[in-house]
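Remarks on the overall topology
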Amino acid sequence: MVRFLVLALLSLAGVTQTSASPTQASEPPNPTEEQPPLGTGSLSFPWSHLRLPGYIVPLHYHLLLHPNLTMLSYSGTVRIELQVQNNTNWVVLHSKGLRITTATMLDQNLAHLSDKVLPVLHNPTHEQTAIFSPRVLSGGQKYFLFLEFGAELGEGFYGFYRSTYRTSSGETRNLASTHFEPTSARMAFPCFDEPSFKANYSVSIRRSRAHIALSNMPVEQTVVLDDGLMEDRFAVSVRMSSYLVAFIVCDFRSVSATTASGVKVSVYAAPEKWQHTHYALKAAVKLLEFYEKYFNIKYPLPKQVVETKVIIEVATSPPPPDLVAIPDFQAGAMENWGLITFRETSLLYDPATSSGSDRVWVTMVIAHELAHQWFGNLVTMQWWNDIWLNEGFARYMEYISVNATYPKLRVEDYLVDTCFAAIGRDSLNSSRPISSAAESPTQIEEMFDTVSYNKGACVLHMLRHYLTDQVFQSGIVRYLRRYSYSNAHNQDLWDSLANVRRSFKLYIFYYKLEHCYSSRQAAKNANLYAGEHLDLTSMMNTWTLQTGVPLVTVTRQGSHLLLKQERFLRTAHPSDPAWPSLFLWHIPLTYRTDTSTSIHRHLMTTLTDSVDVGEEVGWVKVNVDMAGYYLVHYDGSGWDDLIQLLKDNHTALTFMDRTHLIHNAFQLTTAGRLSLDKALDLIGYLRSESHTVPLLEGLGYLEAFYRIVERRDIPDVTQNLRTYILWYFRDVIDRQTWSDKGSVSERRLRSELLSLACHLGDLPCLKQAQRSFTHWLDSNSTLPADVAETVYSVGAQEDTGWASLLQTYTHSLSETHKHKILSALASSRDTNKLTRCVQSSILEGEVIRTQDLDSLIAMVARNPRGHHLAWSYVQKYWSTLVDKFQLGSFSIRNIIIGTTAQFSSTEELTEVRLLIFPWQYHLLSEASQLRVTEVAMDNIQKNILWLQRNLGTLRSWLDQQID
Ligand code: BES
Ligand code: ZN
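Let us look at the structure shown here. Values in this document were obtained by computation on a predicted structure and should not be read as measured data.

Within the protein one finds 32 helices and 28 strands. Pairs at least 24 apart in sequence give 72% of the contacts found in the protein among residues at least 6 apart. Carbon together with sulfur atoms contributes 50% to the accessible area of the protein, which is approximately 36300 Å² in total.

Structure representation (structure tokens):
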């Protein structure tokens, strides 16, 4: 009944479960026995859907590639073993931008079906190619499709593309690498480019002696060809999706190590960056060992064993992982099975120039991509609508694995930020359900967003807390085993978890008999919710099929807490006529009170509810340690009680709870649900706060307000806020040293505090930064990495400083170091310099690599002097930008959000709207197809509302403080 109600409400709210393959037909176009005309003139493309037909399935690809790194082109052949399910004359598969020169069809004995080359038709709009076989391909039979093809190595970041790097002697060298996810394997070779068409791959690559070739599997055999070229033949892969195939031809060097279970791990980089691979190698080995234990599924076979193995048609061992730093790479990293590719800043670690947060980043990225070797590679979502099953899991596993392997990095401190980012997006109208329909390549590309990654991870975090670590772990192990080498839906995950839970209940039952426990005690022992009816699917559907984040309002009434849930929206108010009311979640509520140390739990499945907390309770904090994905509003005197508690004895709450309260209060002020002075009073305790996380959370809001009023040029508030921040946080700023000493957490605090202090023009900060900069220039020494960016930014304000930084940038071999310098170059107050940065990277990409253009534009846009400049560049070079990156890519989205996030007036909103929507202008017309433009507009709307709702209060609150 409850389940029916939820589903009914979900469908009323416009939420429907997206089917995995609505357009995947199994019926072929009518087969014909007649001989067709030889040309393609009278044949029309036989397939009209975006998704491929399901009646031909690829089983095994034999792929041979021969890239020419001088001519920047390649040729190739592919022989695909096909299983035909229904009689047909057509094979329809994907290809994009490839010249297919020959197509032939062979039977199972490799005999040609026709002595003529077959007609090949293209449908570029759907990126599909159809091959016509005059002889009917019979259902139930296997065939081989053989294609010869060629193409240029790509100029962008997709398909089989060219990358370059410069040696210290100034020589530029080429390499060729791949990036396929989600829909670019078709740019490298003709294939069935959908995640559910899993097949085995036998890859061979021709190369010169000066190069090495890498692919998913280890090299099995290398043959010297007549023309002196080498041909590496790689072992046959396990069954996998096309987006996970990868190959690289380069002259990189590597370091290797072996895990306790005998898996050989290697890290590759450009020869001169080789010494920066050691940290990644150690981390990869450690993390891989962790995952093997956690998933209880071995990552078997060291490379040597594979090399001596006889060739068998279907290999059963996943490829041992190679991790490669690619100099030109659009994303952060990519989990290709056994050949994981990274941006250099995501893999290389230079103890001299990498900061504490650089180390955390590298570790997290490796943890993420290694998690994918199970989540995503071994078990893959059926279709892109559920990409969160890959990305949400990989993001969450980053926290679980790094927490276990590198506890000193304290990555749990960052989990709150992951969830706050998810809430930021989910509390706008433009958000979407975790599982959402996506058909076209652009829509699919856009699925790789905060909702899939961060909301996915936070919902899993909530579920893990609800089910207990043990049940969660057993459930996902069950899921991974059950769906190994195949594909899964959300439902499969819920079933696997629910089954474990059922077995656990049985276990509790026997435990109870054996130990004479009451069932409640036994359940408590296993930390479960005994007796509570659990319908995991209904519960999780409310989180994955429904948009938004819930707000739970708590009212104390005697010994009861009255609870009410609704959707939390920052840009709408319950008094608005369009206020959404049909939202309902199954919320695993938790709360703590001052009367006991235990955590109380309650599953809230209705719009209103109540729980008994007892008369004598002084305070209640709901959503303990923010393990749940929901916000909490305290009605009546609720907030005042908590403000008082923080003032009197803030350590009565955990640092997570304190952070959560700060976040909640400021979110509510943005939505117009709480007055800003309450939130500001709440952080009035921060002087006694010694934990980095709540301190940075509170400070972060003040900084965000400062940036809004600074850019809007509201001098009195800007000045007062600046004075207030520097006065209030004086002690903690003064306590910071200009060094790399201390724990990761202390280092993070130092880095952020000093950066803010100098940005606010704090004199002691500026002086020290200036001194360090002059010393750095004079002595050519290395700055402490944690403060380097701040020091460079101060130095970049002078002409000579800026020029020296540009010089260092041009010659530095460390990308991490270059990133810090770039940020400083983009902080200049001189608009000519900013123009130079943006212009040179857009037009040449020589000094500043194109891969860094999106972050550069975002950095310039953050600078009040650069904001308009960045926005006009985006308008001017829009089509160049879309050519270089793809519509819907991370980079294009970063550019749109980065350049519009600071807008806060109705005029600016109109300007953006006019530029994006094609019926008025045509400038960014493709952008109107993107979800991200709605997000950008919502962001501006939110800023406008923030100013309307809060500027007056902020002004008078500051006046009071400063008097
Ligand atoms: N599978 C993605 C790479 C990807 C991203 C492919 C977008 C297609 C579109 C990879 O696992 C990933 O998530 N990479 C992240 C870094 C990671 C640490 C979050 C990225 O590229 O930002
Ligand atoms: Zn990922």
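Next up on the list: helix H16 (residues 655–670). For H16, which comprises 16 residues, the first-to-last C-alpha distance of 23 Å matches the rise-based estimate of 22 Å (1.5 Å per residue) to within 8%. In terms of residue burial, H16 counts as a mostly covered element, since 16 of its 16 residues are buried. Of the residues one or two after H16, Gly672 is the one with positive phi, at around 75°.

Before going further, it helps to spend a moment on the sheet that holds strand S5 (residues 120–123). Strand order in the open sheet formed by three strands is S3-S6-S5, with antiparallel pairing between adjacent strands. Strands at the two margins of the open sheet, each flanked by one partner only, are strand S3 (88–94) and S5. Averaged over neighbouring strand pairs, the angle between their axes works out to 30° when direction is ignored. Summarising the sheet, S3 and strand S6 (residues 128–137) pair through six bridges and their orientation is antiparallel. Bridging across to S6, His94 finds its partner in Gln128.

We now examine the packing of helix H18 (residues 692–711) against helix H32 (residues 931–962). One can describe the packing of H18 onto H32 by two numbers: an axis separation of 12 Å at closest approach and a directional angle of 100°. When the interaxial angle is binned, H18 and H32 end up roughly perpendicular. Between H18, through Phe705, Ile708 and Val709, and H32, the contact on the second element is made entirely by Asn943, Trp946, Leu947, Leu951 and Leu954. Of the residues contributing to the contact of H18 with H32, the split by class is seven nonpolar, one polar and no charged.

An ideal rise of 1.5 Å per residue puts 46 Å on 32 residues; H32 measures up with 43 Å between its terminal C-alpha atoms. Where H32 bends most, at Asn950, the angle is about 50°.

This part covers a negative patch on the surface. Taken together, the side chains of Asp594, Asp612, Glu615 and Glu616 make up a negatively charged region of the molecular surface. Relative to the elements of secondary structure, Glu616 occurs in the loop between strand S26 (608–612) and strand S27 (620–622). Residue classification places Glu616 among the exposed positions, given a relative accessible area of 59%.

Bringing the coordination of the zinc ion (ligand 2) into the picture now. Bound to the zinc ion (ligand 2) are the protein donor atoms His368 (NE2), His372 (NE2) and Glu391 (OE), situated 1.9 to 2.1 Å from the metal. Expressed as a motif, the donor residue spacing for the zinc ion (ligand 2) is H-x3-H-x18-E. Note that His372 is positioned in helix H6 (residues 356–372) and Glu391 in helix H7 (residues 388–405), a separation of 19 residues in sequence. The two residues His372 and Glu391 agree in class, both being buried.

Taken together, 18 residues sit near ligand 1, with Glu181, Gly332, Glu335, Glu391 and Tyr453 positioned nearest. Of all the secondary structure elements, the ones that give two or more residues to the shell around ligand 1 are strand S18 (333–334), H6 and H7. No other element matches H6, which puts four residues into the shell around ligand 1. Taken together, the residues of the shell around ligand 1 sort by class into eight nonpolar, four polar and six charged.

On to the state of the cysteines, then. The final tally for this structure, using the stated rule, is two disulfides. Covalently, Cys419 is tied to Cys458 through a disulfide, its sulfur atoms 2.2 Å apart. Where Cys419 bonds to Cys458 through sulfur, the torsion about that S-S bond is close to -105°, and the disulfide is left-handed. Of this pair, Cys419 sits in helix H8 (residues 412–426) while Cys458 is found in helix H10 (residues 450–467), placing the two residues 39 residues apart along the sequence.

A few words on the packing of helix H21 (residues 744–759) against helix H22 (residues 763–779). Each packed pair of helices is defined by two parameters, the angle between the axes and the distance between the axes. Following both chains from N to C, one finds H21 and H22 inclined at 105°, their axes separated by 8 Å at the closest point. Overall, the two elements H21 and H22 adopt an arrangement that is roughly perpendicular. For the pair formed by H21 and H22, the contact residues are Leu754, Ala757 and Cys758 on the first element and Cys765, Leu766 and Ala769 on the second. When its residues are assigned to classes, the contact of H21 with H22 shows six nonpolar, no polar and no charged.

This structure, assessed with the given rule, holds 48 aromatic pairs. Pairing Tyr279 with Tyr349 gives two aromatic rings, centres 4.9 Å apart and planes at 45°, and the pair type is tilted. Taken together, the residues Tyr279 in helix H3 (residues 278–295) and Tyr349 in the loop between helix H5 (344–347) and H6 connect sequence positions 70 residues apart. By relative accessible area, which is 13% here, Tyr279 ends up buried. With 5.8 Å between their ring centres and 55° between their planes, Phe666 and Phe705 make a pair best called tilted. On the criterion of sequence distance, the pair formed by Phe666 in helix H16 and Phe705 in helix H18 is long-range, its members being 39 residues apart. One exposure class covers both Phe666 and Phe705, and it is buried.

So, how was this worked out
Residues numbered from 1 in each chain as written. Chains lettered and ligands numbered in written order. Predicted model: local features only at pLDDT ≥ 70, side-chain atom pairs only at ≥ 80, totals over all residues. Heavy atoms only, no water. Helix = DSSP H or I, 4+ residues; strand = E, 2+ residues; numbered from the N terminus. Contact = heavy atoms within 4.5 Å. Areas by Shrake-Rupley, 256 points an atom, 1.4 Å probe, with all protein chains shown as cover. Expected span 1.5 Å × (residues − 1). Buried < 20%, exposed > 50% of the residue type's maximum accessible area, 1.4 Å probe, protein only. Pairing = 2+ DSSP bridges. Axes fitted to C-alpha atoms, helices over the stretch in contact; angles between N-to-C directions. Parallel < 35°, antiparallel > 145°, perpendicular 65-115°, else oblique. Nonpolar A, V, L, I, M, F, W, Y, C, P; charged D, E, K, R; others polar. Bend = angle between axes of the 7 residues up to and from the residue. Patch = residues over 30% accessible without salt bridge, like charges linked within 9 Å, V, L, I, M, F, W, Y side chains within 5 Å. Salt bridge = Lys/Arg side-chain N within 4 Å of Asp/Glu carboxyl O. Lys, Arg positive; Asp, Glu negative; His and termini not counted. Charge placed at Lys NZ, Arg CZ, Asp CG, Glu CD. Donors = N, O, S within 2.8 Å, 3.2 Å for Na, K, Ca; no water. Near = heavy atom within 4 Å. Disulfide = S-S within 2.5 Å. Phe/Tyr/Trp six-rings, centres within 6.5 Å; stacked < 30°, edge-to-face > 60°.

By themselves, these observations are geometric and do not establish any function.
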